[in-house]
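# Report on the structure
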Amino acid sequence: MRLSVLDQSPISEGFTGADALRNTIDLARLADELGYHRYWVAEHHGGPMLASASPEALIGPIAAATEGIRVGSGGVMLPHYSPLKVAETFTILAGLFPGRIDLGLGRAAGTDPMTTFALQRDRRQAAPDDFPQQLAELLAYFDDSLPDDHPFARLAGVLPGRPELPVPWLLGSSPQSAIWAGQLALPYAFADFINSEGADIAKLYRERFVPTESVPVQRTAVAVWVLCAPTDEEAEYLAASSRMSFTMLRRNRLIPVPPPDKAVEFLRREGKSPSGGRPGRRSILGSPEKVRAGVEQVAVEYGAEEVIVVTITYDHQARRRSYELLAEAFDLEPRAVTTSALS
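To keep things clear, this report deals only with the structure shown in the data block. Just so you know, these numbers come straight off a predicted model, no measurement behind them. (Residues numbered from 1 in each chain as written. Predicted model: local features only at pLDDT ≥ 70, side-chain atom pairs only at ≥ 80, totals over all residues. Heavy atoms only, no water.)

### With respect to the overall build of the chain
Quick note on the threshold: Under the scheme used here, helices are H or I runs from DSSP no shorter than 4 residues and strands are E runs no shorter than 2 residues, and both carry numbers assigned from the N terminus. Restricting the calculation to C-alpha atoms gives the radius of gyration, and the globule rule supplies 2.2 Å times the number of residues raised to the power 0.38. With a 1.4 Å probe rolled over the protein chains alone, any residue whose accessible area is under 20% of its type maximum counts as buried; one over 50% counts as exposed, and the rest are partly exposed. Residues count as neighbours in contact if any of their non-hydrogen atoms are within 4.5 Å of one another. Here the accessible surface of atoms and residues is derived via Shrake-Rupley with a 1.4 Å probe, and residues count as covered only by protein chains that are part of the display. Under this rule, positive means Lys or Arg and negative means Asp or Glu; His and the chain ends count for nothing. By convention, the charge on Lys lies at NZ, on Arg at CZ, on Asp at CG and on Glu at CD.
Of regular secondary structure, the chain possesses 12 helices and 9 strands. Relative to the 2.2 N^0.38 estimate, which gives 20 Å for 343 residues, the radius of gyration of the chain is 20 Å and therefore close to what a compact globule would have. For the chain, the spread of C-alpha atoms along the three principal axes comes to 65 × 50 × 40 Å. With 343 residues in all, the chain has 52% of them scored as buried. Taking the intrachain contacts of the chain between residues at least 6 apart in sequence as the baseline, contacts between residues at least 24 apart amount to 73%. Counting only carbon and sulfur atoms, one obtains 53% of the accessible surface of the chain, whose full area is about 15,300 Å². When the 34 basic and 43 acidic side-chain charges of the chain are each reduced to a single mean position, those positions are 5 Å apart.

Rendered as structure tokens:
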């Protein structure tokens, strides 16, 4: 089973978005050294908790700072963009870092309706819900399959990074995404950290998968929220920060990631147990042995050959330590990286 990382660039209370972005580069270097398979960065807009607004801007610096780990988006929220612009951007990245770039694609807005509207170039009316058409156009640029009489047909052949291409993935948390991924023979990554009832949806993807010559077999990954610490008690203490953040999110009050002491006190005032993960969502947290068992259970549940780990803590060193302990628990083989990748 492969282990990978999804980084949302969390912003801790008392720190800045720039701090969070520098932490992302630091964590990517560590993940590369520890032997994780891929490192994806998310897309979220308009909030004080996550600095990951532009994965296409982060992927290049991350790939330049690392050596062997695959780097990509988890994901690009396609409704905000022109398919051609996405194709150009990611072929440039693929050309600069051959064989290492993934393009995870999502349908969600990654923000609230007003910020979604602010992201639109044309604000005369709401953007159409035409994700299937956008996705088909984007994939056609990569495989140069637009009909000869299509007005954009010539553009596929002049994508700037050719012959290198990114590997497209479809991200999802609903049955419709599984159906599209299966029909289009795309690798599929399910967001269990959003919807923990996705095992049947992953099964639907495999049932609907239509193999092609270039993609003969399905590939399933599951993204899971994980926090690993030397003891169960420490993991629960650290997880209080995320628990408070998500409690406030449900009240439409977005906040930076709070310190654990503050979060524990908040949860006590609310009559909630400080222990446990995020309310209403699956959290795998505890000692390395406990976390390994939980991660393996989810992988079996989803029939996934890869688990993508999402971890949020107030303290960046605690987040680094969580990924270190997880790598040790799964006996990941460290990569030999040069001094230049660590500088």
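### Remarks on helix α7 (residues 199-208)
Listed in full, the buried residues belonging to α7 are Ala199, Ile201, Ala202, Leu204 and Tyr205. Looking at the buried side of α7, the elements it contacts are α6 (175-183), β6 (188-191), β7 (220-228) and α10 (288-302).

### Observations regarding unusual backbone geometry
The residue after Gly74, namely Gly75, is reached through a cis peptide bond having omega 5°. Relative to the helices and strands, Gly75 is located in strand β3 (residues 70-77). Residue Ser9 is not a glycine yet carries a positive backbone phi of 50°. In this structure, Ser9 sits in the loop between β1 (2-7) and α1 (17-34). The buried category is assigned to Ser9, whose relative accessible area is 0%.

### Structural notes on helix α3 (residues 83-96)
Defined as follows: Every helix has an expected span of 1.5 Å times one less than the residues it contains.
For α3, which comprises 14 residues, the first-to-last C-alpha distance of 20 Å matches the rise-based estimate of 20 Å (1.5 Å per residue) to within 8%. The complete set of buried residues in α3 reads Pro83, Leu84, Val86, Ala87, Phe90, Thr91, Leu93 and Ala94. Summarising the contacts, the buried residues of α3 are in contact with α2 (55-65), β3, β4 (101-106) and α5 (131-143).

Purely spatial values, then, with no claim about function.
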